[in-house]
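Take a look at the letters that make up each chain.
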Amino acid sequence: MRKFEEEYLLEQKPNNGIIIGVDDKISYGKALLLGAQHVLAMDLYIAPIIIAGLLSLGTENTSFFIQMCFLATGIATLIQTGAGIKLPVVQGPSYVPIGAIAAIGGKLGLGAIAGSLIPGAIIVALIGYPLKWFAKVVKRIIPPLVGGTVIIIVGIALMPIGLNNVFHAPGNIGDNIIVASVSAGVLIICMLLGRKMHGIGTFFRLVSVIIAIIAGTLTASFFGGVDFSPVKQADWFSLPSFLPFGKPIFDVSAIITMVFVYFIILIETTGTWFVVSTVTGKELDEKRLNRASVGEGLGCFVGALFGSTPMTGYSSNAGLLAITGVASRLAIMASGVILVCLGLVPKLSTAITCIPEPVINGIFGIVCVAIVTNGMKVIQPIVIDERNMMVIGIPILLTMAVTVLPKEVLYSAPDWANYILSSGISVGALATVILNLAIPENKEKSSKEFAVK
């Protein structure tokens, strides 16, 4: 009888392809190796570089800004994975607030950026605990139909970013495409080896990202696209400082704007949590969701104090869980430790930024595919009638519309519209939530379906 129960439980376990589970114990050395993949595959330095350019920061301040983003990202990841959501979630700088931060810093000074970020971060933490509102709102407005659609939107919205970063990277476009293709191809081969073979095949899948990065970088070197000379000029050690860009300036309009932006980021990061939940098979219950909101708020608060940007759960790293089959919290916390070290040792963080863009973005494209397919898994059991077709299809259409929207339109739009339209993920997620609430369900049809079942 006991054997039958064990077989039944095994059959009921989600077939999500995970090799190392969320709470599985692994050695520190293995955790560091597997965690390093998440760090190497991240493009977290892109957002601070864009912001630094918009704020006209000098070379020294830009380097320091990137360093602080590494540090804040590491601390935020340790907070979220260790005590917040307690799932393998890597935090990183969100792309959503780039326009808002640039506008606030340009008009009111760098001090106003921290002044606008701190109150919003505290509010995000408070709605998790002690208010406990966040989980109730999510359960009310983000059912599986919405959650799955948001996951698909995240993957679709990120695809053009990765492709554009390949096409517009320094160097010849043909060479960049070859490098990206090699990186993506090696990653796919490692994944397939892990599916078809045991032992050595499993090893290839576990470290597939590192192997793909090495293969891509070697390919790029043949085209002269690898330059690690900036590492020599970087310092070995550098201490962080609180509020490095001056005393916070608390401007009411800037605070209100950033609070609104924070809520958009929350919708975006909730989609990432759905990806992680789907891949790992761990339920997002109310307690976990409220802790996640606290973790998000505290991570953003730390980022504001160290002169970084608002943090969010990185969708690309959630996709890596499905690709590598590694969902260990210990591995993700190890990546948090590595990120903290990168923030304290500029030579290491500079070395990461020297990995050619086509290499990272070739891998990034496959990660986006993994994200989209996991979203499809969420909505697969749902009956796709006319209503649900609209709830799923229209947000995807709007996401693509915003993605290809000419930048000239954004320049002429009001600030509040600029903040929203700068992110296809935000537009798509908001549209999904609104349409699901606005279009009534066919109660009669639902009752008949339930009766048949």
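The model shown is predicted, which means the values in this text are computed figures rather than measured ones.

Scoring rules and cut-offs
Residues numbered from 1 in each chain as written. Predicted model: local features only at pLDDT ≥ 70, side-chain atom pairs only at ≥ 80, totals over all residues. Heavy atoms only, no water. pLDDT = per-residue confidence, 0-100. Helix = DSSP H or I, 4+ residues; strand = E, 2+ residues; numbered from the N terminus. Contact = heavy atoms within 4.5 Å. Core = buried A, V, L, I, M, F, W, Y, C linked by side-chain atoms within 4.5 Å. Buried < 20%, exposed > 50% of the residue type's maximum accessible area, 1.4 Å probe, protein only. 1 Å grid on protein atoms, 1.4 Å probe; cavity = no way out; pocket = protein on both sides within 12 Å on 5 of 7 lines; lining within 4 Å. Points joined across faces, edges and corners; volume = space filled by probe spheres on them. Phe/Tyr/Trp six-rings, centres within 6.5 Å; stacked < 30°, edge-to-face > 60°. Lys NZ or Arg CZ within 6 Å of the ring centre and 35° of its normal. Salt bridge = Lys/Arg side-chain N within 4 Å of Asp/Glu carboxyl O. Expected span 1.5 Å × (residues − 1). Axes fitted to C-alpha atoms, helices over the stretch in contact; angles between N-to-C directions. Parallel < 35°, antiparallel > 145°, perpendicular 65-115°, else oblique. Left-handed = near helix turned anticlockwise from the far one by under 90°. Nonpolar A, V, L, I, M, F, W, Y, C, P; charged D, E, K, R; others polar.

Help me understand the confidence of the model for the chain, please; the structure alone is not making it clear to me.
Any residue range with low pLDDT should be treated as having predicted coordinates unsuitable for detailed reading. Looking at the chain, the pLDDT average stands at 81 and 89% of residues meet or exceed 70. Mean pLDDT across the elements of the chain bottoms out in helix α1 (residues 2-12) (35) and peaks in helix α14 (residues 286-305) (93). Low confidence marks residues 1-15, where pLDDT is under 50. Its contacts with residues over four positions away, or in another chain, come to one contact.

Mind showing me how you'd approach unusual backbone geometry here?
With the exception of glycine, most residues fall at negative phi, and the peptide bonds are largely trans. The residue after Y129, namely P130, is reached through a cis peptide bond having omega 10°. With respect to the helices, strands and loops of the structure, P130 is situated in the loop between α6 (110-126) and α7 (134-141). Here the phi dihedral of K132 falls at roughly 60°; this positive angle occurs in a residue that is not glycine. Among the secondary structure elements, K132 is positioned in the loop between α6 and α7.

Any chance you could explain the nonpolar core here in plain terms?
Burial of nonpolar side chains together is a common tendency in soluble globular proteins. Ranked by internal contacts, the top residues of the largest apolar core, which has 97 residues, are M258, Y262 and W273. A per-element tally of this core places helix α13 (residues 252-280) first, with twelve residues. Not counting residues within four places of it along the chain, the set of residues in contact with M258 comprises P97, A100, I101, I104, S116 and L117. Within the second largest apolar cluster, nine residues are counted, among which are I26, L34, V207 and V326.

What exactly am I supposed to notice about empty space enclosed by the protein here?
Gaps between atoms show up when a probe of the same size as a water molecule is rolled over them. Within this structure, the stated rule accounts for one cavity of 30 Å³ or more. Computed from the structure, the largest cavity encloses a volume of approximately 170 Å³. It is α6 that provides the largest number of residues to the lining of the largest cavity, a total of five residues.

Just to check I follow, could you spell out the packing of aromatic side chains for this structure?
Centre distance and the angle of the planes are the two values used to describe a pair of aromatic rings. Across all of its chains, the model carries two aromatic pairs by this definition. Ring plane angle 85° and centroid distance 5.9 Å describe the contact between F134 and W273, whose orientation is recorded as edge-to-face. Taken together, the residues span a long stretch of sequence, with F134 in helix α7 and W273 in helix α13 at a distance of 139 residues. For the pair shown, F134 and W273 are each scored as buried. Between F242 and F306 the ring centres are 5.1 Å apart and the planes differ by 25°, which places this aromatic pair in the stacked class. You can see F242 sitting in the loop between α12 (229-233) and α13 and its partner F306 sitting in the loop between α14 and β2 (311-313), a full 64 residues away along the chain. A cation sits over an aromatic face here: K347 above W236, 5.3 Å from the ring centre.

Can you walk me through the environment of G82 in this structure?
Within the element layout of this structure, G82 appears in helix α4 (residues 59-82). Look at G82 and you get partly exposed, because its relative accessible area is 22%. Spatially, the C-alpha atoms of G82 and M333 are 7.0 Å apart, while their sequence positions differ by 251 residues. Leave out the neighbours within four places in its chain, and G82 touches T77, R329 and M333.

Got a minute to help me understand the pattern of salt bridges in this structure?
Oppositely charged side chains can form a pair if their charged atoms are brought close together. Scanning all chains against the criterion turns up two salt bridges. Taking the shortest distance from any N to any O, the salt bridge between K282 and D23 comes out at 3.5 Å. Of the two residues, K282 sits in the loop between α13 and α14 while D23 sits in the loop between α1 and α2 (28-40), which places them 259 residues apart along the sequence. Among the residues examined, K282 registers a relative accessible area of 30% and is labelled partly exposed. For D23, a relative accessible area of 46% translates into the label partly exposed. The shortest N-O distance in the salt bridge between R329 and D23 comes to 3.7 Å. Residue R329 is located in helix α16 (residues 329-344), and its partner D23 is located in the loop between α1 and α2; the two are separated by 306 residues in the primary sequence. Accessibility expressed as a relative area gives 18% for R329, which makes it buried. Three or more residues are tied together by salt bridges with common partners; here these are D23, K282 and R329.

I tried to follow helix α22 (residues 424-438) on my own but got confused; where do I start?
Within an α-helix, residues lying three or four positions from one another point in the same direction, as the helix has 3.6 residues per turn. Look at α22: 21 Å from first C-alpha to last across 15 residues, which is about the 21 Å you get at 1.5 Å a residue. Those residues of α22 not exposed but buried are G424, I425, S426, V427, G428, A429, A431, T432, V433, L435 and N436.

Is there a simple way to explain the packing of α6 against α14 in this structure?
Packed helices, taken two at a time, are described by the angle between their axes plus the distance between the axes. The geometry of α6 relative to α14 is characterised by a closest axis approach of 7 Å and an angle of 165° between their N-to-C directions. Judged on the interaxial angle alone, α14 and α6 are roughly antiparallel. Here the hand of the crossing between α6 and α14 comes out left-handed. In this structure, α6 contributes A114, L117, I118, A121, I122, V124 and A125 to the contact, and α14 contributes S293, V294, E296, G297, L298, C300, F301, A304 and L305. Across the contact of α6 with α14, the residue classes tally to 13 nonpolar, two polar and one charged.

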